[in-house]
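Structure assessment
Okay, here's what each chain looks like letter by letter:
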Amino acid sequence: MRPFTRERLAARYGYIETLSPDGLVWELVRRSAAYRDDYVAAVTFEHHPQPEASPSLCKRWRLRFPRKSRHHW
């Protein structure tokens, strides 16, 4: 395994510096295992095909879904 260097980190995560505040928050939330678990539960157990239809997911994570999602985990 190659060691992490500044150059490798910059190449891999440099895009974060270009994100808007909303984009940065979304990037951090989507990486959360707790969020992913809640997403799966909302889509599966609440029988909503899209996460934007789940009031509990939106309320807990304080999210808004202005557009329909294209991906499911």
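The preceding data block contains the structure.
This write-up is about the structure you can find in this document. (Residues numbered from 1 in each chain as written. Predicted model: local features only at pLDDT ≥ 70, side-chain atom pairs only at ≥ 80, totals over all residues. Heavy atoms only, no water.)

**Some thoughts on the nonpolar core**
With six residues, the main nonpolar core is built from Val29, Tyr35, Tyr39, Ala42, Leu57 and Leu63. In terms of residue count, the dominant contributor to this core is helix α3 (residues 33-45) (three residues). (Core = buried A, V, L, I, M, F, W, Y, C linked by side-chain atoms within 4.5 Å. Buried < 20%, exposed > 50% of the residue type's maximum accessible area, 1.4 Å probe, protein only. Helix = DSSP H or I, 4+ residues; strand = E, 2+ residues; numbered from the N terminus.)

**Details of the pattern of salt bridges**
Taken as a whole and assessed by the stated rule, the structure comprises three salt bridges. Here Arg31 ties to Glu27 by a salt bridge, and the two come within 2.7 Å at their closest N and O atoms. Residue class for Arg31 comes out partly exposed when judged on its relative accessible area of 38%. Overlapping salt bridges, with partners in common, bring together Glu27, Arg30 and Arg31 in one network. (Salt bridge = Lys/Arg side-chain N within 4 Å of Asp/Glu carboxyl O.)

**Structural notes on the packing of aromatic side chains**
All told, the structure shown has three aromatic pairs when counted by the stated rule. Look at Tyr35 and Tyr39: their rings are 6.3 Å apart centre to centre, the planes differ by 45°, and that puts the pair in the tilted class. One end of the pair is Tyr35 and the other is Tyr39, both in helix α3 and four residues apart, which spans about a single turn. Neither residue differs from the other here; Tyr35 and Tyr39 are each classed as buried. When the centroid spacing of 5.5 Å and the interplanar angle of 90° are considered together, the rings of Tyr35 and Trp61 count as edge-to-face. Of this pair, Tyr35 sits in helix α3 while Trp61 sits in helix α4 (residues 55-61), and the two are 26 residues apart along the sequence. (Phe/Tyr/Trp six-rings, centres within 6.5 Å; stacked < 30°, edge-to-face > 60°.)

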